[in-house]
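Letter by letter, the chains look like this.
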Amino acid sequence: MKKSILIDTSKCMACRACQVACKQWNQLPADETTFTGTYENPPRVSPVTWMRITFQEEETDQGVKWFFGNQRCMHCTEAACEIVCPVGAIHHTDAGTVDIDFNKCIGCNYCAANCPFKVISFDRKTDLPTKCTFCYDRLANGYQPACANACPTGAITFGDRGDLINRGSRKVMSLQEQGNSRATLYGLDELSGTGMLFILEDVPTHYYLPENPVVSLQARLWSLLFRPLRIFVVLAMGLGLWSNYQKSTQLKRRIIQQEHRKPGADESAG
Amino acid sequence: MTNHWIDYQHSDVMMNIGLNTAENHPVSMKWIQKAKDRGGKLICVDPRFTRTAAMSDLYVPIRPGTNLAFLNGMIQYALENDLVHHEYLINYTNAAYLVNEAYHFEDGMFSGARLMDDGIGGEKVVYDRTTWSYQSDEAGQVLSDETLEDPRCVYQLMKQHFRRYDLQTVSEIIGCPLETLQACAALFCSTGKPEKAGNIMYAMGITQFTHGAENVRAIAILQAILGNMGRPGGGVNAQRGQSNVQGSTDMAMLYHIIPGYMPVPSESLHPTLEAYHATSPGGYWANRPKFMNSLLKAFWGEHATPGNDYAYDYLPKIDKERSHIATSKYMGDGEIKGMVCWADNPAVGGPTAARKRKNSAKLDWLVSVDIFENETATFWKEPGVNPEEIDTEVFLLPAALHMERDGSISNSGRWIQWRYAAGTPPGDCHSDLWIVDRLFRAVRDAYQVDGGVFPDPILKMNWDYGEDASSARVAMEINGYDTRTGELLTSFAQLQDDGSTAAGCWIYAGYYANEEEPACQRRIRETEGVGNHPEWAYAWPINRRILYNRCSADPAGNSWNPDLPLFQWNGSGWNRYDVPDFNAALLPEESARNAFIMTGEGRARLFSNGMVEGPFPEHYEPWESPLANRVSSVQFNPCSTVWYPDDRADYASGAFPLVATTYRLSEHYQTGMMTRNMPWLVETMPELFVEISPTLAADHGLVSGDQVVVSSQRGEFQAPVCVTPRVKSFQAGGKTIEMVGILWHWGYAGLSKGPVTNDVAPSIGDANTTIPEYKAFLCQIRKVV
């Protein structure tokens, strides 16, 4: 059964319980942030921040508007990351979520580079991509994702995709009836449907979402041309990585030798 | 709260005023959203556009310190446009009562004003309240006119009093566009229709003013005339800051009360128990001697006897003002030698906090009980302070977190809910009960050995909670018991004044009446009802979920809203979803005469002698204000005590032309001890900032992130600015008034550090409660280059 998360921005008050719950469940360390002029922090998704609440202010005829977005992997049906992955490390799970198999991942960074939402981050320490996992580990044990669990207002709900689409459509209709012609259900058709469904009260860009997310031509070409040749690509990349490794090892050696030549190196080594 | 959190779902219109519910009480939004899903509307009245404003249907900007003008404007709008709930007004309020002919009001002052010595070298107005009374016949019966036409009836006097608060005038005082104000008044006053319910929720943005208590009073009046009290979806709902702050006030964690909201005995007014009992007010409070004697029995057990006035002499009597501001001053004067600061951090949270830290150095000893080493405990190592010059001996007692101990918490809706420890405290940390039990026993031992001037109150104290003090045993003492049989009480109706009962807090009677399955441990959801969940925990008093609930139905017993019946008379009895706040054995017409059971009149008081400033709420400017009072020549609350006259900035000098207000964020809690040490929260709000408008930023050449020094007459601090359109200047009194929004979660201890911004806040308090005026004062900013 395909699962989804429905995010009702008309109910989100940006308390960020979800953002903290994500860190807590996934045991992600805190970023050392600074005040950047807005309430938004951390400033971007990163290897230690898989989801975050975004804040955008706008002055309108009806006064100030403050939009709270929810940025993280969208778990697309037509997932650019999956398409470009040269080794098939990225796949859809039985719940329809997008998962990365780190046993297969070679750390080429193509997934992050081609993500239309820019929500995959590449961890330079481990050379691996990181992103929201949809708490697949919780799902597999019968629990809902940590973010949905923490949300106090019901702005984030988890469930069967069909049910959530029904609920989301009804809410959008009711918002439209109340006079909000901009209300939409985002993620219904985008990229053949995204696992994250959004009830938006305004245009997607106010929530850091692209108007028309697409898998880039470049990504499609890459996939089309090179997929049959994947094994060679892997070999070539492997060769490249091996040579890279050789070079870096030599470099490391040289640095170590230099360190040893420094005066006082012996004492500090003790 | 008169109502409770879940009950918010029934509101047709909710007014969030002096409160930022989405940010500071996020879970409340669950029920507010439910009301909105039903078509309910949320109004947000706030000096700046908050996350609550972002969720609201109508945002009403308001200049800090002018809530009372706003609320009086709402009352005037309801009266002027006849949007009041007439049947409710006549039957359940004192609108028809005739007022003493000698009562009058002129130019901001009520009858009976006397200028008196304030005890600290200044003067203030203390009213003789005798004219704030009703007319009565020879038999003592209060005179009334149910046509509401007599010029001396409360209703006509109200009309006369509030006439000055037309929306045009209010708009010019508060700096809100007239159209917005009109939309707000029309929306909220639509709940005057009998079937509609309006809820006013508030917090410290209502109370923390020199006229804070009058703000609350105006809310109560507005809710009474619109018929919103005692009804599902209505009420006056104070949202308490901390999960158990309701419990702490119930247990008298305030200087002017003893447990169960009884007044603290005073040296001059209540030298004897008889004198104390003689001051019991009317209504249900006529039973106060039973509550008091039972409290004394709980304190001193067998040593409290009829012969010694139940050990009344053991109970300390208040001698003079002992508020937060006063206590700090006495400390500075060297009058106070030691202080125990329990889960309190006045070095950050107190007004003019730098002075508090300075005064701490006058102490011989200071005990700090907290989960982390806070700023109060480390005042001697604040940057810039030389520890060698400080002789105060400081003790730090590490406390367990609330999740690490058993006990009850009482939420804002008065629900007393038992919780179990989720873990064991680390290291030497112990529960508050463990600490206080050990501390008391050590003090008692010291008295035993050394004696003392008056050791009896300590030595004879009824104190036995086991070797490792048990919270259940404390709970049973609070609940109350029969002193002869030891049997636990099920209701405060069982309390007696003859020493046969003991109870630590009369309103809690029944919450722990059964040792095996106490009511506060119940967790049963209702299957039918209006969301009161009567078998989930226990609400004081006697499990009543909505106070004054007789008013949910008309005098004949028909629910005002047939779709949402809390009480419905069925011809022979009541169909009910709550515990009656009236005598249900009476016929509906009879119980309707005593719908507000706690007042002597049995009615809501639109005109009252209970407040120090006057029978009706009157707008005064904050102590420091950029404007002259528009409605009278009395500039600020004449009944407030001015503790530090030199602390007041003169606006005319031009040195402090901006209005400041202080507030909190979702991500941090109070003085930050629980949150500034938590990396995941520090990450979301890493440092202090102040919020200003783009226009003020342009005046000073500032962009977001620039550092400024914020100064007031009392001090200064440095912080980066957040320049945002969510903050706007106010057009009021013919001036453009700019505002600086100040957060106050930071200090010099903990993981995330920052300056203590309460250093700039004034040490002046409300005339009734002495809560400091943190929410409106004058300041200036200057760019750091």
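Values in this document were obtained by computation on a predicted structure and should not be read as measured data. (Residues numbered from 1 in each chain as written. Chains lettered and ligands numbered in written order. Predicted model: local features only at pLDDT ≥ 70, side-chain atom pairs only at ≥ 80, totals over all residues.)

Draft legend 1. Looking closely at the nonpolar core. Formed by 176 residues in total, the largest nonpolar core has its most connected members in I7 and C81 of chain A together with I43, M74, V154 and I225 of chain B. At nine residues, the largest contribution of residues to this core is made by helix α10 (residues 212-225) of chain B. When near neighbours in sequence (up to four residues on either side) are disregarded, I7 of chain A contacts C12, N70, A155, I156, M196, L197, F198 and I199 of chain A. A660, L743, W746 and V756 of chain B belong to the second-largest nonpolar core, a separate cluster that totals 42 residues. (Core = buried A, V, L, I, M, F, W, Y, C linked by C-beta atoms within 7 Å. Buried ≥ 20, exposed ≤ 12 C-beta atoms within 10 Å, placed from the backbone. Helix = DSSP H or I, 4+ residues; strand = E, 2+ residues; numbered from the N terminus. Contact = placed C-beta atoms within 7 Å.)

Draft legend 2. Structural view of the domain arrangement of chain A. For chain A, the domain assignment lists domain 1 (1-228) and domain 2 (230-260). Placing a centre on the C-alpha atoms of domain 1 of chain A and another on those of domain 2 of chain A gives a separation of 35 Å. (Domains from an automatic or database assignment.)

Draft legend 3. A look at the UniProt feature "domain: Molybdopterin oxidoreductase" (unreviewed entry) in chain B. Here the UniProt feature "domain: Molybdopterin oxidoreductase" (unreviewed entry) sits at residues 3-439 of chain B. What you have in residues 3-439 of chain B is 32% helix and 15% strand, and the ends, taken at the C-alpha atoms, are 38 Å apart. (UniProt positions renumbered as here; feature names shortened; annotations may be inferred.)

Draft legend 4. Main features of the packing of helix α4 (residues 67-80) of chain B against α10 of chain B. Residue and element names in this part refer to chain B. Taken N-terminus to C-terminus, the directions of α4 and α10 make an angle of 15°; their axes are 9 Å apart at the nearest point. With respect to α10, the element α4 is oriented roughly parallel. The two elements α4 and α10 cross, and the hand of that crossing is left-handed. Packed against α4, whose contacting residues are N67, L68, L71, N72, M74, I75 and A78, the element α10 presents E214, N215, A218, I219, I221, L222 and I225 at the interface. Grouping the constituent residues of the contact of α4 with α10 by class yields 10 nonpolar, three polar and one charged. (Axes fitted to C-alpha atoms, helices over the stretch in contact; angles between N-to-C directions. Parallel < 35°, antiparallel > 145°, perpendicular 65-115°, else oblique. Left-handed = near helix turned anticlockwise from the far one by under 90°. Nonpolar A, V, L, I, M, F, W, Y, C, P; charged D, E, K, R; others polar.)

Draft legend 5. Spatial organisation of the interface of chain B and chain A. Each side of the interface is counted separately: chain B has 30 residues, and chain A has 26 residues. Elements with a minimum of two residues in the side of chain B that touches chain A: α2 (28-37), α3 (51-55), α21 (679-684) and β25 (715-723) of chain B. The greatest single-element share of the side of chain B that touches chain A, amounting to six residues, is contributed by α21 of chain B. A breakdown of the residues in the side of chain B that touches chain A according to their chemical character gives 18 nonpolar, six polar and six charged.

Draft legend 6. How the structure looks around the UniProt feature "domain: Molybdopterin dinucleotide-binding" (unreviewed entry) in chain B. The UniProt record annotates "domain: Molybdopterin dinucleotide-binding" (unreviewed entry) at residues 658-776 of chain B. Helix makes up 11% of residues 658-776 of chain B and strand 29%. Its end C-alpha atoms lie 10 Å apart.

Draft legend 7. Structural context of unusual backbone geometry. Look at the link from N41 of chain A to P42 of chain A: it is a cis peptide, with omega at -5°. On the secondary structure map, P42 of chain A appears in the loop between α1 (17-26) and β2 (52-60). Residue P541 of chain B is reached from W540 of chain B by a cis peptide bond, and omega for that bond is -10°. For P541 of chain B, the location among the structural elements is in the loop between β19 (538-539) and β20 (567-569). Even without a glycine there, the phi angle at K118 of chain A is positive, about 55°. Along the polypeptide, K118 of chain A turns up in the loop between α3 (110-114) and β6 (121-123).

Draft legend 8. Examining α10 of chain B more closely. Taking 1.5 Å as the rise per residue, α10 of chain B with 14 residues should run 20 Å; its terminal C-alpha atoms sit 20 Å apart, in good agreement. In terms of burial, α10 of chain B is largely enclosed, as 14 of its 14 residues are buried. (Expected span 1.5 Å × (residues − 1).)

Draft legend 9. Geometry of the sheet that holds strand β28 (residues 739-743) of chain B. All names here are of chain B. Read around the closed barrel, six strands run β22-β28-β23-β25-β24-β29, paired in mixed fashion. Strand after strand, the sheet turns through a mean of 45° between neighbouring axes, direction not considered. The pairing of strand β22 (residues 658-663) with strand β29 (residues 777-783) spans three bridges and is antiparallel. Residue pairing for β29: V659 is matched across the bridge by L778. (Pairing = 2+ DSSP bridges.)

Draft legend 10. Representation of the sheet that holds strand β15 (residues 407-410) of chain B within the structure. All names here are of chain B. The three strands lie next to each other as β15-β16-β19, forming an open sheet whose pairing is antiparallel. Of all strands in the sheet, those bounded by a partner on one side alone are β15 and β19. Note: β15 against strand β16 (residues 415-419), four bridges, orientation antiparallel. Its bridge partner being in β16, G407 is matched across the sheet by R419.

Draft legend 11. Inspection of the pairing of strand β2 (residues 41-46) of chain B at higher detail. Residue and element names in this part refer to chain B. Buried residues dominate β2, accounting for five of its six residues. Relative to β2, strand β1 (residues 13-17) runs parallel, the two sharing five bridges. When the bridges of β2 are listed, M14 appears paired with L42. As paired strands, β2 and strand β3 (residues 58-61) are joined by four bridges and run parallel to one another. When the bridges of β3 are listed, D46 appears paired with P61.

Draft legend 12. Structural detail: the UniProt feature "binding site: [4Fe-4S] cluster 1" (unreviewed entry) in chain A. Residue and element names in this part refer to chain A. The UniProt record marks C12, C15, C18 and C151 with the feature "binding site: [4Fe-4S] cluster 1" (unreviewed entry), using the residue numbering of this structure. Look at the named residues: they lie 140 residues apart in sequence, but the longest C-alpha span between them is just 10.5 Å, so in the fold they bunch up. Topologically, C12 is positioned in the loop between β1 (3-8) and α1. Here C12 is in contact with I7, F68, N70 and A155, once residues within four sequence places are set aside. Along the chain, the position of C151 falls in the loop between α5 (146-150) and β8 (156-160). Not counting residues within four places of it along the chain, the set of residues in contact with C151 comprises A17, C18 and I156.

Draft legend 13. A look at the environment of T736 of chain B. Residues and elements named next belong to chain B. Along the chain, the position of T736 falls in strand β27 (residues 735-737). Measuring from C-alpha to C-alpha, the distance between T736 and E389 comes to 47 Å, with 347 residues separating the pair along the chain. If near-sequence neighbours (up to four positions away) are discounted, T736 is found in contact with S729 and Q731.

Draft legend 14. Summary view of the packing of helix α14 (residues 324-332) of chain B against helix α16 (residues 353-360) of chain B. Residue and element names in this part refer to chain B. Between α14 and α16, whose axes approach to 8 Å, the crossing angle comes to 40°. Between α14 and α16, the crossing angle belongs to the class labelled oblique. Judged by the twist between their axes, the crossing of α14 over α16 is left-handed. Residues S328, M331 and G332 of α14 lie in contact with α16, whose contacting residues are R355, K356 and N359.

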